[in-house]
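# Overview (structure and organization)
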Amino acid sequence: MSENNELRKAGLKVTLPRVKILQMLDTAEQRHMSAEDVYKALMEAGEDVGLATVYRVLTQFEASGLVTRHNFDGGHAVFELADSGHHDHMVCVDTGEVIEFMDADIERRQKQIVEEHGFELVNHNLVLYVRKKP
Ligand SMILES: [Zn+2]
């Protein structure tokens, strides 16, 4: 199973809750899930993994670089697999829906602005808070 390899590569022992949670993050339609989302999805799939375990495993996944945690304003922390390249996020303030985007112009401008200030860009997190047009 590929989850087992992923866990080993991340330096984590293969345990059933870890495999189940990693599988859920991998196959769920939602790419950005809170611990509660993961817990509920596992319950619906008939998997008996407690919420405290979900929290603990997600924190371990974050520490080992398997997932990225986002602390968007006004919501729970959400986690996504760290398997896709760099992208930025929009968060709907009404529904909490998370939309990913990448814009080459924005990326380039950020680098330029940083350099104009005499720095080099190490990392960035851009979050746009949005609302569906009426
Ligand atoms: Zn994302």
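The model shown is predicted, which means the values in this text are computed figures rather than measured ones.

Conventions and cut-offs
- Residues numbered from 1 in each chain as written.
- Predicted model: local features only at pLDDT ≥ 70, side-chain atom pairs only at ≥ 80, totals over all residues.
- Heavy atoms only, no water.
- Helix = DSSP H or I, 4+ residues; strand = E, 2+ residues; numbered from the N terminus.
- Contact = heavy atoms within 4.5 Å.
- Areas by Shrake-Rupley, 256 points an atom, 1.4 Å probe, with all protein chains shown as cover.
- Lys, Arg positive; Asp, Glu negative; His and termini not counted.
- Charge placed at Lys NZ, Arg CZ, Asp CG, Glu CD.
- Donors = N, O, S within 2.8 Å, 3.2 Å for Na, K, Ca; no water.
- Tetrahedral: all angles 85-135°; square planar, octahedral: opposite > 155°, others 65-115°.
- Axes fitted to C-alpha atoms, helices over the stretch in contact; angles between N-to-C directions.
- Parallel < 35°, antiparallel > 145°, perpendicular 65-115°, else oblique.
- Nonpolar A, V, L, I, M, F, W, Y, C, P; charged D, E, K, R; others polar.
- Pairing = 2+ DSSP bridges.
- Expected span 1.5 Å × (residues − 1).
- Buried < 20%, exposed > 50% of the residue type's maximum accessible area, 1.4 Å probe, protein only.
- Arc of directions from axis to C-beta.
- Polar contact = N/O pair within 3.5 Å; in protein donor to acceptor, adjacent residues only side chain to side chain.

## Comments concerning the overall build of the protein chain
Helix and strand counts for the protein chain come out as 5 helices and 5 strands. Principal-axis analysis of the C-alpha atoms places the extent of the protein chain at approximately 50 × 40 × 20 Å. Looking at the protein chain alone, contacts between residues at least 24 apart form 44% of all its contacts between residues at least 6 apart. Per element, the accessible surface of the protein chain, about 8800 Å² overall, is 51% carbon and sulfur. For the protein chain, the centre of its 15 positive side-chain charges and the centre of its 23 negative side-chain charges are spaced 3 Å apart.

## Observations concerning the coordination of the zinc ion
Reference values for coordination geometry: four tetrahedral donors around a metal ideally subtend 109.5 degrees, six octahedral donors ideally subtend 90 or 180 degrees. Bound to the zinc ion are the protein donor atoms His32 (NE2), Glu80 (OE), Glu80 (OE), His87 (NE2), His89 (NE2) and Glu100 (OE), situated 2.1 to 2.6 Å from the metal. Considering all 6 donor atoms around the zinc ion, angles at the metal cover 53 to 163° and the coordination shape is irregular. In the primary sequence, the donor residues of the zinc ion line up as H-x47-E-x6-H-x1-H-x10-E. Highlighted residues: His32 in the loop between α2 (16-27) and α3 (35-44) and His87 in the loop between β2 (78-81) and β3 (88-92), separated in sequence by 55 residues.

## Some points on the packing of α2 against helix α4 (residues 51-63)
At a minimum axis distance of 10 Å, the contact between α2 and α4 shows a crossing angle of 75°. Taken together, the axis directions place α2 and α4 in an arrangement best described as roughly perpendicular. Of the residues in α4, those touching α2 at Pro17, Arg18, Ile21, Leu22 and Leu25 are Thr53, Val54, Val57, Leu58, Gln60 and Phe61. Of the residues assigned to the contact of α2 with α4, the class counts are 8 nonpolar, 2 polar and 1 charged.

## Re the sheet that holds strand β5 (residues 127-130)
Spatially, 3 strands are ordered β4-β3-β5 in an open sheet, and the strand pairing comes out mixed. Whereas interior strands pair on both sides, the edge strands pair on one side only; in this sheet they are β4 (98-101) and β5. For this sheet, the mean inter-axis angle between neighbouring strands, taken without regard to orientation, is 25°. Across 4 bridges, the pairing between β3 and β4 is antiparallel. Opposite Asp88, over in β4, you have Phe101 as the bridge partner.

## Concerning helix α5 (residues 104-116)
With 13 residues, α5 extends 18 Å between its outermost C-alpha atoms, agreeing within 8% with the 18 Å of an ideal straight helix rising 1.5 Å per residue. Every buried residue belonging to α5 is among Glu107, Gln110 and Val114, and all of these are buried. Along the long axis of α5, the arc covered by the buried residues comes to 65°, so they all point the same way. Exposed side of α5, more than 90 degrees from the buried face: Glu115 and Glu116 are the residues found there. Considering only its buried residues, α5 is in contact with β3. Of the residues trailing α5, Gly118 is marked for its positive phi of about 85°.

## Focus: the side chain of His32
On the accessibility criterion, His32 (6% relative accessible area) is buried. A polar contact of 3.1 Å, which involves the side chain of His32, links it to the side chain of His89.

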